[in-house]
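Letter by letter, the chains look like this.
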Amino acid sequence: VGQIEKLLARRLKLIEQINSSRGIKLLNSLEVDILAGGTLAVPDQILSKLDLVVASVHSSFNQDVDTMTKRVLKALENPNVDILGHPTGRLIGSREGFEVDWEKIFVTCKKWHKTLEINAWPERLDLPDTLVREAVEKGIKLVIATDAHAKDQMDNMRFGVAVARRGWAKKADILNCLSWVDFSKYFGIQSR
């Protein structure tokens, strides 16, 4: 815990310097693992200091539907979690997505004001278009993320946009289409 706190404190200082000197707004965010029991790999006292928290399953993919559903729901009920990352866990061509009770996931997202990611990485394209359509019909908001690890991978955004379109999502359904003011208001960034 101490090491991650120091790392995030250094990163926050750098973000504050960039934000004050360049006239842009960077967010202090983190993708955190949802552990097998539904707890998060990073303590709440650290997560509460971040602007955005993306929670994602990265292990124990073979859990049954009930166990995986409870796991994801527990993470979504954490007040520090904003976004469920690559929600099915699939890797196209190498791993099927895990099964959850999507009706329960959608109800929880709506109740706790949570967002689902459309991960634009070509091997993920996750949330799939069929689930994008269901989410949109239920009024669940989405974000499109490139999953980029280098600047030339930012072009992956077009794949996420294509998935959103196939799922009939409109601009109003995608939170990173909002203005900075509306985006920060939606996620309560100004109050953190």
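Refer to the preceding data block for the structure.
Note that the coordinates shown come from a computational prediction; the quantities given were computed from them, not determined experimentally.

Of the regular secondary structure elements, the protein holds seven helices and five strands. N-terminal to C-terminal, the α/β element order of the protein is α-β-α-β-α-β-α-β-α-β-α-α. Its C-alpha atoms give the protein a radius of gyration of 16 Å, near enough to 16 Å, the size a compact globule of 192 residues would have. In the protein, which comprises 192 residues, the share counted as buried stands at 42%. Put simply, of all contacts in the protein between residues at least 6 apart along the chain, 68% involve residues at least 24 apart. Put simply, the protein shows about 10,500 Å² of open surface, and 54% of that area lies on carbon and sulfur atoms. Positive and negative side-chain charges in the protein, numbering 28 and 25 respectively, have mean positions lying 6 Å apart.

The next thing to look at is the pattern of salt bridges. As enumerated under the stated definition, the model contains five salt bridges in all. In this structure, Asp-147 and Arg-124 form a salt bridge, with 3.8 Å as the shortest nitrogen-oxygen distance. Placement of Asp-147 in the loop between strand 5 (142-145) and helix 6 (157-166) and of Arg-124 in the loop between strand 4 (115-119) and helix 5 (129-137) is noted, with a sequence separation of 23 residues between them. Since its relative accessible area comes to 22%, Asp-147 is described here as partly exposed. Residue classification places Arg-124 among the buried positions, given a relative accessible area of 11%. Residue Arg-158 is joined to Asp-155 by a salt bridge in which the shortest nitrogen-to-oxygen separation is 2.9 Å.

Judged by pairing direction, the sheet is parallel, and its five strands sit side by side in the order 1-2-3-4-5 without closing on themselves. Each edge of the open sheet carries a strand with a single partner, namely strand 1 (29-33) and strand 5. Sheet analysis places strand 4 next to strand 5, joined by four bridges and oriented parallel. In the strand pairing of strand 5, Asn-119 is matched with Ala-145.

Within a regular beta strand, the side chains point alternately toward one face of the sheet and then the other, so they alternate between its two faces. Most of strand 4 sits out of view: five of its five residues are buried. Judged by which residues are buried, strand 4 turns out to be covered on both faces: Thr-115, Glu-117 and Asn-119 on one side and Leu-116 and Ile-118 on the other are all buried. Across two bridges, strand 3 (residues 83-84) lies against strand 4 in parallel orientation. Its bridge partner lying in strand 4, Ile-83 is registered against Thr-115. In this fold, strand 4 hands off to helix 5, which returns the chain to strand 5; that crossover is right-handed.

So, on to the environment of Leu-142. Summarising the element assignment, Leu-142 is placed in strand 5. Given a relative accessible area of 0%, Leu-142 falls into the buried group.

Membership of the largest hydrophobic core comes to 41 residues, with the highest contact counts inside it found for Ile-105, Leu-116, Ile-118, Leu-127 and Leu-142. If one sorts the elements of this core by residue count, helix 3 (residues 65-76) sits on top with five residues. When sequence neighbours within four positions are dropped, the list of residues in contact with Ile-118 reads Asp-126, Leu-127, Val-132, Leu-142, Val-143, Ile-144, Ala-145, Gly-160, Val-163, Ala-164 and Ile-174. By size, the runner-up hydrophobic cluster in this structure holds eight residues, among which are Val-143, Leu-175, Phe-187 and Ile-189.

It is worth spelling out the packing of helix 3 against helix 4 (residues 102-112) at this point. The geometry of helix 3 relative to helix 4 is characterised by a closest axis approach of 10 Å and an angle of 5 degrees between their N-to-C directions. Taken together, helix 3 and helix 4 sit at an angle that is classed as roughly parallel. Counted together, Thr-69, Val-72, Leu-73 and Leu-76 of helix 3 and Lys-104, Ile-105, Thr-108, Cys-109 and Trp-112 of helix 4 form the full contact between these two elements. Of the residues in the contact of helix 3 with helix 4, the class split is six nonpolar, two polar and one charged.

About the criteria used
Residues numbered from 1 in each chain as written. Predicted model: local features only at pLDDT ≥ 70, side-chain atom pairs only at ≥ 80, totals over all residues. Heavy atoms only, no water. Helix = DSSP H or I, 4+ residues; strand = E, 2+ residues; numbered from the N terminus. Rg over C-alpha atoms; globule rule 2.2 N^0.38 Å. Buried < 20%, exposed > 50% of the residue type's maximum accessible area, 1.4 Å probe, protein only. Contact = heavy atoms within 4.5 Å. Areas by Shrake-Rupley, 256 points an atom, 1.4 Å probe, with all protein chains shown as cover. Lys, Arg positive; Asp, Glu negative; His and termini not counted. Charge placed at Lys NZ, Arg CZ, Asp CG, Glu CD. Salt bridge = Lys/Arg side-chain N within 4 Å of Asp/Glu carboxyl O. Pairing = 2+ DSSP bridges. Right-handed = clockwise from strand over helix to strand, strands pointing away. Core = buried A, V, L, I, M, F, W, Y, C linked by side-chain atoms within 4.5 Å. Axes fitted to C-alpha atoms, helices over the stretch in contact; angles between N-to-C directions. Parallel < 35°, antiparallel > 145°, perpendicular 65-115°, else oblique. Nonpolar A, V, L, I, M, F, W, Y, C, P; charged D, E, K, R; others polar.

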